[in-house]
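Residues per chain, in single letters:
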Amino acid sequence: MHRRLFLRNLACLAGGVLINPASGLAAIQDTYLSKPRELWLKRKHTGEQDKVLYWDNGQYLIDGMTRLCILTRDIESNQAVQMSPLLFDLIFASQELAVSHRMQRWFTVTSGYRAISTNSRTEGAAHLSRHQYGDAVDGYRENVGMTDNARLFWALQSGGVGLYAGHVHADVYKTRFWRKGV
Ligand SMILES: [Zn+2]
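Residues numbered from 1 in each chain as written. Predicted model: local features only at pLDDT ≥ 70, side-chain atom pairs only at ≥ 80, totals over all residues.

Comments concerning helix H2 (residues 62-71)
For an α-helix, 3.6 residues make a turn, and residues three or four places apart therefore share a direction. Residues Met-65, Leu-68, Cys-69, Ile-70 and Leu-71 constitute the buried set of H2. On the buried face of H2, the contacting elements are strand S2 (37-43), strand S3 (49-56), strand S4 (59-60), strand S5 (79-81) and helix H3 (85-100). (Buried ≥ 20, exposed ≤ 12 C-beta atoms within 10 Å, placed from the backbone. Helix = DSSP H or I, 4+ residues; strand = E, 2+ residues; numbered from the N terminus. Contact = placed C-beta atoms within 7 Å.)

Some points on the nonpolar core
Within the largest apolar cluster, 37 residues are counted, with the highest numbers of intra-cluster contacts made by Leu-39, Tyr-54, Leu-68, Phe-88, Leu-90, Ile-91 and Phe-153. At 7 residues, H3 tops the list of elements feeding residues into this core. Setting aside residues up to four positions removed in sequence, Leu-39 forms contacts with Val-52, Tyr-54, Leu-68, Phe-88, Ile-91, Phe-92 and Gln-95. (Core = buried A, V, L, I, M, F, W, Y, C linked by C-beta atoms within 7 Å.)

Quick notes on the sheet that holds S3
A sheet is described by the order of its strands in space; here 8 strands give the open sequence S4-S3-S2-S6-S7-S9-S8-S10, paired in mixed fashion. At either end of the open sheet lies a strand with only one pairing partner, and these are S4 and strand S10 (176-180). Sheet analysis places S2 next to strand S6 (residues 107-111), joined by 3 bridges and oriented parallel. Note on S6: the bridge partner recorded for Leu-41 is Phe-107. Sheet strands in contact with H2 are S2, S3 and S4, and its direction is about 140° off that of S3. Each of strand S7 (136-140), strand S8 (160-164), strand S9 (168-171) and S10 is contacted by helix H5 (residues 146-154), which is oriented at about 180° to S8, the strand it contacts most. (Pairing = 2+ DSSP bridges. Axes fitted to C-alpha atoms, helices over the stretch in contact; angles between N-to-C directions.)

Describing H5
Within H5, the full set of buried residues consists of Asn-149, Ala-150, Leu-152 and Phe-153. Relative to the axis of H5, the buried residues are bounded by an arc of 150° and lie together on one face. On its buried face, H5 is in contact with H3, S7, S8 and S9. (Arc of directions from axis to C-beta.)

Details of the confidence of the model for the protein chain
Averaged over every residue, the pLDDT of the protein chain is 85; residues scoring 70 or more account for 84%. Confidence drops under a pLDDT of 50 for residues 1-24, and excluding neighbours within four residues, the segment shows 35 contacts in the predicted structure. (pLDDT = per-residue confidence, 0-100.)

A closer look at the environment of Arg-43
Within the secondary structure, Arg-43 is located in strand S2. Each C-alpha atom of the pair Arg-43 and Phe-107 lies 8.6 Å from the other, and the pair is 64 residues apart in sequence. When neighbours within four sequence positions are excluded, Arg-43 is seen to be in contact with Glu-48, Leu-71 and Val-109.

Below, the structure is given as structure tokens:
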């Protein structure tokens, strides 16, 4: 399956590392982001799961970043793009927060990147969904109530959080909160 993946926009990773971007996550940098970042992600619809070290010694790692971009690909159109590194930092910070509260470490992704065609077919998706820009994720931690799932992102104050019946949305765009159907 991966051979057929269309890996777009990964060229800027070609130098082996990404430059640390100016971070909207600065406030949580010392608390959650100062140690090696290993993200535990599952994909609900494919059953994939991976523990990915994607940042260490002050830099993003090309192998880890690539694996995360593939894990969070658009499954329907089978396309992966370069996702925002800040999104992975956000999920990682929420992971650390969850673990500190004895909650599930794995984050189950229900939707990551969405091509425009996929987004237009996604029920309830915003026309200009952040998923199309590679800086949003939908998912949840198992055995954690959906409100607490939302709190694990909202507590970080680093982007948008949407609370839905079956998942939460998190992005690194503007800090805002909404709920739908709950
Ligand atoms: Zn979403």
